[in-house]
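For reference, the chains in residue letters:
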Amino acid sequence: TFDVSILKFSQGVFQVLATAGDIFLGGDDIDKGLLDYILVHTHISGDILPTSSYKFLLQSAQKAKEDLSVRKEVNFSFDWQGKNYHIILTQDILQQIAQEILNKTFSCCQDALEQAHLKPMDMEAVILVGGSCKMPLIQQAVESYFDRPSLCTIDPELVVAQGAALQAAALTKGSTHLLLDVLPLSLGLETFGGLNEKLIHRNTPIPCSATQEFT
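Please read all numbers here as calculations on a predicted model, not as lab measurements.

Undergrad: How would you explain the overall build of the chain if you had to name every residue and give the values?
TA: The helix and strand inventory of the chain stands at five helices and nine strands. Relative to a compact globule of 215 residues, whose C-alpha radius of gyration would be 17 Å, the chain shows 22 Å and is clearly more extended. In the chain, buried positions account for 29% of the 215 residues. Sequence-distant contacts, at least 24 apart, represent 52% of the contacts inside the chain between residues at least 6 apart.

Undergrad: For helix 1 (residues 27-41), give the residues involved together with the corresponding values.
TA: The periodicity of an α-helix, 3.6 residues per turn, causes residues three or four places apart in sequence to face the same way. An ideal rise of 1.5 Å per residue puts 21 Å on 15 residues; helix 1 measures up with 22 Å between its terminal C-alpha atoms. Listing the buried residues of helix 1 in full gives Ile-30, Asp-31, Leu-34, Leu-35, Ile-38 and Leu-39. Buried residues along helix 1 sit in contact with helix 2 (51-67), strand 3 (73-80), strand 4 (83-90), helix 3 (91-116) and helix 4 (136-146). Just beyond helix 1, the residue with positive phi is His-43, at close to 60 degrees.

Undergrad: Lay out the packing of helix 1 against helix 2 in plain terms, naming residues and giving numbers.
TA: Direction vectors running N to C along helix 1 and helix 2 enclose 105 degrees, while the axes themselves pass 9 Å from each other. Taken together, the axes of helix 1 and helix 2 are roughly perpendicular relative to one another. Residue-level inspection shows Gly-27, Ile-30, Asp-31, Lys-32, Leu-34, Leu-35 and Leu-39 of helix 1 in contact with helix 2, the latter providing Tyr-54, Leu-57, Leu-58, Ala-61, Gln-62, Ala-64 and Lys-65.

Undergrad: Which residues make up the packing of aromatic side chains, and what are the values?
TA: Applying the stated criterion across every chain yields a total of five aromatic pairs. Their ring planes at 35 degrees and their centres at 4.4 Å tell us that Phe-9 and Phe-14 sit as a pair that is tilted. For Phe-14, a relative accessible area of 30% corresponds to the partly exposed category. Here Phe-106 and Tyr-145 contribute two aromatic rings whose centre-to-centre distance is 4.6 Å and whose plane-to-plane angle is 10 degrees, an arrangement assigned as stacked. Of this pair, Phe-106 sits in helix 3 while Tyr-145 sits in helix 4, and the two are 39 residues apart along the sequence.

The rules we used
- Residues numbered from 1 in each chain as written.
- Predicted model: local features only at pLDDT ≥ 70, side-chain atom pairs only at ≥ 80, totals over all residues.
- Heavy atoms only, no water.
- Helix = DSSP H or I, 4+ residues; strand = E, 2+ residues; numbered from the N terminus.
- Rg over C-alpha atoms; globule rule 2.2 N^0.38 Å.
- Buried < 20%, exposed > 50% of the residue type's maximum accessible area, 1.4 Å probe, protein only.
- Contact = heavy atoms within 4.5 Å.
- Expected span 1.5 Å × (residues − 1).
- Axes fitted to C-alpha atoms, helices over the stretch in contact; angles between N-to-C directions.
- Parallel < 35°, antiparallel > 145°, perpendicular 65-115°, else oblique.
- Phe/Tyr/Trp six-rings, centres within 6.5 Å; stacked < 30°, edge-to-face > 60°.

The values reported here are purely geometric and, on their own, carry no functional implication.
Written as structure tokens, this is what we have:
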């Protein structure tokens, strides 16, 4: 998934102003895009690959993606039906594949900013979360969009767990900091004809309640 939240910190209170995202968008999409590129340029149809072979190549594509974060090019080779296939992957190729996915993430960022009535330059800091944020091209794209250095001093793969631990400590032992969250998705009731009547809209501060009478 891809998620973005805009928070305001003041006098020990973290207030979520808006949240947005795409539940069908993530780092795996870059892996799949890279594998599709490999199969096209080796003239192999993904439809004829056994599931086990496809998963193996997908894991290999993920490894190649990670290697391209520190190397300019990677030699990708594999055997299929008694024949050896070889292709050279470069950082430029990876960037072309990832660009479409990055554009979708920034569309979500724009949605959140509009909900909060803010602009990219209004952000004081941008914290990167998730393993894909280790990729230099993603860090550079984020810095270009928000026009400021991104913060990844905490391991992006550990930052969620560490934040959850701090929140758990705050809920059980108390803390000088307070988190005011919002509802990430609208909640509603399905009515006659399959229509959805929204009772609580997304980005409403929680806890909250709503009452509505139906006939």
